[in-house]
Amino acid sequence: MASSPPTIHIDPARSISRVDPRIYSGFTEHMGRCIYGGIYDPENPHSLADPKTGFRKDVLSVLKELNIPIFRYPGGNFVSSYRWQDGIGPKHLRPRRPELAWLTEESNQFGTDEFMQFCKEMNAEPYICLNMGTGTLEDALAWLEYCNSSANTYYANLRRQNGHPEPYRVKYWSLGNEVWGPWQVGQMESHDYAKKAFQWAKALKLLDPSIQLISCGETGYADWDRVTLKKLVPVVDYHSIHIYTVSEGNHAVNVMGPAAAEKALEITKSLIDLAKIEAGLDKQVTVCFDEWNVWDPVRAPGEKGAEEHYDLSDALAVASWLNVFVRKADVVKIACIAQSVNVISPIITSPKGLFKQTTFHPLKLFATLMQGLSLNVHVESPLYTGQTVPNWVEKLEKNAGGDEKLTKYIDVSAVLSDSKDEVRVAIVNRHAMEGYTIPIRFGPACDVVGGTVKVHEVWSADLKDNNGWHGERVRNVEKEIPWSGEYSVKQHSFQLLIFKVKLL
């Protein structure tokens, strides 16, 4: 297989699962310039903020292009020492606090009510991560009451007093963030966390049985995940995992990084199944991959705001990430790119404006076009056999069978549209030097009609090309070409092909 020419086989009769639009969700943390100077900038000197809400009008307009269905808030590491009560009520009375995750100061000028207004403006659902560091179960129940209760009780009335008569009806609540991590305020051992989270889950569901709970996982392939799932599967709806991939200045390491996430999803699914078998349950529990992205902490340190400036290689890595989520549509139902503005983000702002990073373009193409039924695509491709991060990917690849290989240079996902008249194929050529002419073969019960294929292409001559105040060197180029049964992909490129089809 290492030397075989690439071929893509697509049969719409071989489906995986419906692609959940929630895999294209976002994340807003009180970190760097994500909130202040990003989403929220009421004192913007160039009048870019809405005078009523303080939101950056240009930021919200561009974010809306990504069709983001859910925003996670307020962290991230930030949440583990966050007192949510500080962020409500009259702004001149809100206390300024030391912030322990990123060692800054938190003004609390943006809090729960502002976040709910932001989600309303974005036509997105809110997702709240609970503080299981310095926070108590009493704090968590109070936050849930403030957001969701219609009763004549203290925190529901406090919400009304603050000008919000109707409940927010927040559906998604996670039981802490990265509680396993030594950097986390309130770090716990897996058994201790599982016992505590189980009790929190019971109480939260007593207050509002309609909510959906997310357990705090690690990477999906850690023993933490096994221990916590065994205990929490009976009381949660999703299991959260976090993975970031790095470039280390090496394009191949960068674009092959999402292979770790694909294997992590396979392992997590097995751990969920094992926990359900042991508990005798038939309920559905799926993965909420609520932090993912390309992030090189050496290149963009978190304590300095993590303002990554992405290049074409990073855009191809993000496209590979999204291919994983589409291929694993049966396992992952929610995924939140970290983050939304400025912090390891597809958008960078200044007081005067913003620009779209290279990663914005694959995000938009997937979010708007890769919807429908995920198809089980067979790909023959030359293989990458070099260094991987983490290194266990490289070791597993040596013994994997052809279809199990995760480091193919030609990386593909495909969907059948809901109208069943289009097949959309996302192709990343991850090879830095080689272009390929690739036959694309459809199953016997599928005909390509119309004689042409619409193509969206993200490419630039130099892998290090980026976007910035100088303009967009990396962008989406649309074209329509005659269809001859094969497509020529450029070296280091991403393309999304839209075929008009007739199912027989």
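Residues numbered from 1 in each chain as written. Predicted model: local features only at pLDDT ≥ 70, side-chain atom pairs only at ≥ 80, totals over all residues. Heavy atoms only, no water.

- In the annotation of an unreviewed UniProt entry, the entry for the protein reads non-reducing end alpha-L-arabinofuranosidase, and the organism field reads Lentinula raphanica.
- The record held by UniProt for the protein lists under Pathway (unreviewed entry) the comment "Glycan metabolism; L-arabinan degradation." (UniProt positions renumbered as here; feature names shortened; annotations may be inferred.)

## Some thoughts on the overall build of the protein
- What the protein contains, in helices and strands, is eleven helices and 25 strands.
- In terms of C-alpha radius of gyration, the protein reaches 23 Å, essentially the compact-globule figure of 23 Å for 504 residues.
- With the C-alpha coordinates of the protein rotated into their principal frame, the extents come out at 65 × 60 × 45 Å.
- Looking at the protein residue by residue over its 504 residues, the buried ones come to 61%.
- Of the contacts formed within the protein by residues at least 6 apart in sequence, a portion of 76% connects residues at least 24 apart.
- For the protein, the exposed surface amounts to about 19,800 Å²; the carbon and sulfur share of it is 51%.
- Side chains of the protein give 54 positive and 61 negative charges; the mean places of these two sets differ by 3 Å. (Helix = DSSP H or I, 4+ residues; strand = E, 2+ residues; numbered from the N terminus. Rg over C-alpha atoms; globule rule 2.2 N^0.38 Å. Buried < 20%, exposed > 50% of the residue type's maximum accessible area, 1.4 Å probe, protein only. Contact = heavy atoms within 4.5 Å. Areas by Shrake-Rupley, 256 points an atom, 1.4 Å probe, with all protein chains shown as cover. Lys, Arg positive; Asp, Glu negative; His and termini not counted. Charge placed at Lys NZ, Arg CZ, Asp CG, Glu CD.)

## Concerning the packing of helix H3 (residues 137-148) against helix H5 (residues 190-207)
- Look at H3 against H5: their axes get within 10 Å of each other, and the N-to-C directions meet at 30°. Taken together, H3 and H5 sit at an angle that is classed as roughly parallel. Two packed elements cross with a definite hand, and for H3 against H5 that hand is right-handed. Between H3 and H5, the contacting residues are Leu137, Ala140, Leu141, Leu144 and Glu145 on the first element and Gln199, Trp200, Ala203, Leu204 and Leu207 on the second.
- Partitioned by chemical class, the residues of the contact of H3 with H5 number eight nonpolar, one polar and one charged. (Axes fitted to C-alpha atoms, helices over the stretch in contact; angles between N-to-C directions. Parallel < 35°, antiparallel > 145°, perpendicular 65-115°, else oblique. Left-handed = near helix turned anticlockwise from the far one by under 90°. Nonpolar A, V, L, I, M, F, W, Y, C, P; charged D, E, K, R; others polar.)

## Brief notes about the sheet that holds strand E12 (residues 332-337)
- The sheet built from eight strands is open, its strands ordered E3-E4-E7-E8-E9-E10-E11-E12 with parallel pairing. Each edge of the open sheet carries a strand with a single partner, namely strand E3 (26-27) and E12.
- As paired strands, E3 and strand E4 (residues 70-73) are joined by two bridges and run parallel to one another. The residue bridging Phe27 from the neighbouring strand is Arg72, located in E4. (Pairing = 2+ DSSP bridges.)

## So, the UniProt feature "domain: Alpha-L-arabinofuranosidase C-terminal" (unreviewed entry) in the protein
- The positions that UniProt labels "domain: Alpha-L-arabinofuranosidase C-terminal" (unreviewed entry) are, in the present scheme, residues 290-493.
- Regarding residues 290-493, the helix share stands at 16% and the strand share at 38%, and the terminal C-alpha atoms are separated by 27 Å.

## Here's the deal with unusual backbone geometry
- Cis geometry marks the peptide bond from Tyr73 to Pro74; its omega dihedral reads 0°.
- Along the chain, Pro74 turns up in the loop between E4 and strand E5 (97-99).
- Of note, the bond from Gly75 into Gly76 is cis; its omega dihedral lies within 30 degrees of zero at 15°.
- Residue position: Gly76 is located in the loop between E4 and E5.

## So, the sheet that holds strand E1 (residues 7-10)
- Pairing in this open sheet of four strands is mixed, and the strands run E16-E1-E19-E24 from one edge to the other. Here the strands that pair on one side only, and so sit at the sheet edges, are strand E16 (378-380) and strand E24 (486-489). Taken pair by pair, the neighbouring strands of this sheet meet at an average axis angle of 20°, ignoring direction.
- Pairing of E1 with strand E19 (residues 436-442) involves three bridges; the strand directions are parallel. Bridge pairing links Ile10 to Phe442 in E19.

## Points about the pattern of salt bridges
- Using the criterion set out here, one finds 31 salt bridges in the structure.
- In this structure, Arg56 engages Asp41 in a salt bridge whose closest nitrogen and oxygen atoms are separated by 3.4 Å. Of this pair, Arg56 sits in the loop between E3 and helix H1 (57-64) while Asp41 sits in the loop between E3 and H1, placing them 15 residues apart in sequence.
- The buried category is assigned to Arg56, whose relative accessible area is 0%.
- For Asp41, a relative accessible area of 16% puts it in the buried group.
- With its nearest N and O atoms 2.8 Å apart, the salt bridge here joins Glu262 to Arg327. Note that Glu262 is positioned in helix H8 (residues 259-279) and Arg327 in helix H9 (residues 312-327), a separation of 65 residues in sequence.
- The class of Glu262 is buried, set by a relative accessible area of 8%. (Salt bridge = Lys/Arg side-chain N within 4 Å of Asp/Glu carboxyl O.)

## Side note on the pairing of strand E14 (residues 353-356)
- Burial of the side chains of E14 is restricted to one face: Gly353 and Phe355 are buried, whereas none of Leu354 and Lys356 on the reverse face is.
- Direction of pairing for strand E13 (residues 347-350) relative to E14: antiparallel, over a ladder of four bridges. From the neighbouring strand, Ser350 faces E14, where its bridge partner is Gly353.
- Hairpin remark: E13 followed by E14, antiparallel, with two residues in the connecting loop.

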